[in-house]
Amino acid sequence: MKLRKNHILKYLSIVIIFTSWIIFYTIPRDLQYPLFFIPAIVLIFYSFYPYKKQNVIAFILFGVVIFRFFIPEDFSLTNISFWAAMIRAILISSLFLIDRESLMKMYGYFRKYLFYIVIISLPFYLLYIAGLLPIGQIATHVGGDGDGRTWNVYLFFSLQDHPIQGEMLRFPAIFDEPGFLGVILAFVLAIEKFDLTKFQNKIFLFSGILTFSLAFYMLVAVYLLLSFHIELKYKLYGSVIVLILMLFGYMFFTAQFEERIVNRLISDEGYIWETSGRVGVDVQYTIVEGLRTLETKELLIGGGFQAYLGRGFTTGVTWDRLIFQLGIVFTGYLITLILLYGSKSRQTFLFGILFIISLIQRPAVFIPIWFFLLIVGVFMDDRRNDNQISKIIR
């Protein structure tokens, strides 16, 4: 029974990662659900019964906002898109039913597989930066939102060709954007309490720096500043390592570092809050003024799944998407739940703060990988130390 459950946890951790891989979007949707989503749901509901009371409560409380996100304002029970959205909502919600010990094992597998992906992908990226094209292209994916983006997918590596920015010269591993990988790595390092004595975490930190994701840099900075559980000497040790790796990034990847980090923090427009970027004051003002034009009902409870399409007040992905789909009430409800469940310790509360901050630049969190990391981050602080995880996944 134990062996079977371990296989199930391995499968679930693979599904969580694979459904975020850019190649997943090249699979016809008619196959995505029977091959990945539905089996994962069945395994979760069957394997972890009977459910613990606290897990059921979390399933219900978070399930409310998750289902609200996926239910469109006008829906029909005969519409297959509605049922597809419900399957995704059920999968995400069901993650809350996994007991703590199993969740700990599942996170161990997830971290191990993520490490393998990153360590294999890094040489492809470095060779690409050196001017050598990767070999073994396995797929090409054209973005479905009509913005002209194309991804050339290689084994454990993807290259995005943007119609305006050109080829992305930042490290994305297997994901669609470097920022996506950057936020994942920032969350994993936070869960690991930034323990840089472990080789895996050093690789995660190095890879995060090579994403040149401003979100990664800012989340790491916030964590190091606010982490009370880390002694000052370890904070200084971690900060020195971060600065050394950043210096390495600047020396060998000057163009990427200046374009994606320095110029976004301070440019001819001024400091970051004065720029036209997603966190600039003018952009926030534009968003707020735009939201004031919504009808009261839509502003309060949102318009449901994909309500933002064609209605953004700014270019790029910003937090107003959450308001479009959830409204102020359900967005506030989600943030409140994260803070309440994270309030049991300084570590979990800090992770909750990091997750909420990430919503400013990456509000599309209603996919399995983000909620899995949220659950791990705010539910697992009393887990036994990492030595046990290492024993579990051997």
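These figures come from a predicted structure and were not determined experimentally.

Criteria and cut-off values
- Residues numbered from 1 in each chain as written.
- Predicted model: local features only at pLDDT ≥ 70, side-chain atom pairs only at ≥ 80, totals over all residues.
- Heavy atoms only, no water.
- Phe/Tyr/Trp six-rings, centres within 6.5 Å; stacked < 30°, edge-to-face > 60°.
- Helix = DSSP H or I, 4+ residues; strand = E, 2+ residues; numbered from the N terminus.
- Buried < 20%, exposed > 50% of the residue type's maximum accessible area, 1.4 Å probe, protein only.
- Contact = heavy atoms within 4.5 Å.
- Expected span 1.5 Å × (residues − 1).
- Core = buried A, V, L, I, M, F, W, Y, C linked by side-chain atoms within 4.5 Å.
- Axes fitted to C-alpha atoms, helices over the stretch in contact; angles between N-to-C directions.
- Parallel < 35°, antiparallel > 145°, perpendicular 65-115°, else oblique.
- Nonpolar A, V, L, I, M, F, W, Y, C, P; charged D, E, K, R; others polar.
- Patch = residues over 30% accessible without salt bridge, like charges linked within 9 Å, V, L, I, M, F, W, Y side chains within 5 Å.
- Areas by Shrake-Rupley, 256 points an atom, 1.4 Å probe, with all protein chains shown as cover.
- Salt bridge = Lys/Arg side-chain N within 4 Å of Asp/Glu carboxyl O.
- Left-handed = near helix turned anticlockwise from the far one by under 90°.

For the coordinates displayed, the defined rule picks out 33 aromatic pairs. Measuring from centroid to centroid gives 6.4 Å for Phe96 and Phe371, while their planes differ by 70°, and the two rings are edge-to-face. Pair noted here: Phe96 is in the loop between helix H4 (80-94) and helix H5 (100-129) and Phe371 is in helix H15 (residues 368-379), with a separation of 275 residues, a long-range link. The burial state of Phe96 is the same as that of Phe371; both residues are buried. Ring geometry for Phe96 against Phe379: centres 6.2 Å apart, planes inclined by 70°, an arrangement best described as edge-to-face. Taken as a pair, Phe96 in the loop between H4 and H5 and Phe379 in helix H15 lie far apart in primary sequence, 283 residues in all. Like Phe379, Phe96 is buried. Aromatic ring contacts, followed pair by pair, group Phe62, Phe69, Phe70, Phe96, Tyr341, Phe366, Phe371 and Phe379 into a single cluster.

This brings us to the environment of Leu77. Relative to the assigned elements, Leu77 resides in the loop between helix H3 (53-70) and H4. Residue class for Leu77 comes out exposed when judged on its relative accessible area of 57%. Residues within four places of Leu77 in sequence aside, it is in contact with Phe82 and Trp83.

This next bit is on H15. What sets the pattern is the α-helix's 3.6 residues per turn: residues three or four places apart point alike. With twelve residues, H15 ought to run about 16 Å at 1.5 Å a step, and its terminal C-alpha atoms sit 16 Å apart, in line with that. Across the twelve residues of H15, twelve count as buried, placing the element largely inside the fold. Every buried residue belonging to H15 is among Pro368, Ile369, Trp370, Phe371, Phe372, Leu373, Leu374, Ile375, Val376, Gly377, Val378 and Phe379, and all of these are buried.

Now for the nonpolar core. Membership of the largest hydrophobic core comes to 111 residues, with the highest contact counts inside it found for Phe62, Ile66, Phe110, Phe366, Trp370, Phe372 and Leu373. In this view, Phe110 contacts Ser13, Ile16, Ile17, Val188, Ile369, Phe372 and Leu373; residues no more than four positions away in its chain are not counted. Residues Ile287, Leu294, Tyr308 and Phe324 belong to the second largest nonpolar core, which totals six residues.

As a further point, take the packing of helix H6 (residues 178-191) against helix H14 (residues 346-358). Two quantities define a packed helix pair, namely the angle between the axes and the distance from one axis to the other. Two elements in contact, H6 and H14, have axes separated by 10 Å at closest approach and are oriented at 170°. By the angle between their axes, H6 is roughly antiparallel relative to H14. Within the contact between the two elements, H6 uses Val183, Phe187, Ala190 and Ile191 and H14 uses Gln347, Phe351, Leu354, Phe355 and Ser358. Of the residues contributing to the contact of H6 with H14, the split by class is seven nonpolar, two polar and no charged.

On the surface, a cluster of nonpolar side chains totalling about 370 Å² of accessible area is made up of Tyr116, Ile119, Ile120 and Phe199. In terms of residue count, the dominant contributor to the nonpolar patch is H5 (three residues). On the basis of relative accessibility, which here comes to 42%, the residue Tyr116 falls in the partly exposed class.

Right, let's talk about unusual backbone geometry for a bit. Of the consecutive residues Tyr49 and Pro50, the connecting peptide bond is found in the cis state with omega at 0°. Here Pro50 shows up in the loop between helix H2 (29-47) and H3. Positive phi values are uncommon outside glycine, yet Lys193 reaches one of about 55°. Summarising the element assignment, Lys193 is placed in the loop between H6 and helix H7 (199-210). Look at Lys193 and you get partly exposed, because its relative accessible area is 35%.

This next bit is on H6. When the terminal C-alpha atoms of H6 are compared, their 20 Å separation across 14 residues agrees well with the 20 Å that a helix rising 1.5 Å per residue should span. Among the 14 residues that make up H6, 14 are buried, leaving the element largely enclosed by the rest of the structure.

This brings us to the packing of H3 against H4. Axis separation between H3 and H4 bottoms out at 9 Å; the angle between their running directions is 155°. Here H3 is positioned roughly antiparallel relative to H4, judged by the angle of their axes. Considering only the axes of H3 and H4, their crossing is right-handed. Between H3, through Phe59, Gly63, Ile66, Phe67 and Phe70, and H4, the contact on the second element is made entirely by Ala85, Met86, Arg88, Ala89, Ile90, Ile92, Ser93 and Ser94. Among the residues making up the contact of H3 with H4, the classes are represented as nine nonpolar, three polar and one charged.

Okay, the pattern of salt bridges next. On inspection of all chains with the given rule, the structure shows four salt bridges. Close ionic contact of Arg111 with Glu192 constitutes a salt bridge, the shortest N to O distance being 3.0 Å. Of this pair, Arg111 sits in helix H5 while Glu192 sits in the loop between H6 and H7; the two residues are 81 residues apart in sequence, bridging distant segments of the chain. Classification of Glu192 by relative accessible area gives buried; the value is 3%. In this structure, Glu192 engages Lys198 in a salt bridge whose closest nitrogen and oxygen atoms are separated by 3.3 Å. Three or more residues joined by partner-sharing salt bridges are found here, namely Arg111, Glu192, Asp195 and Lys198.

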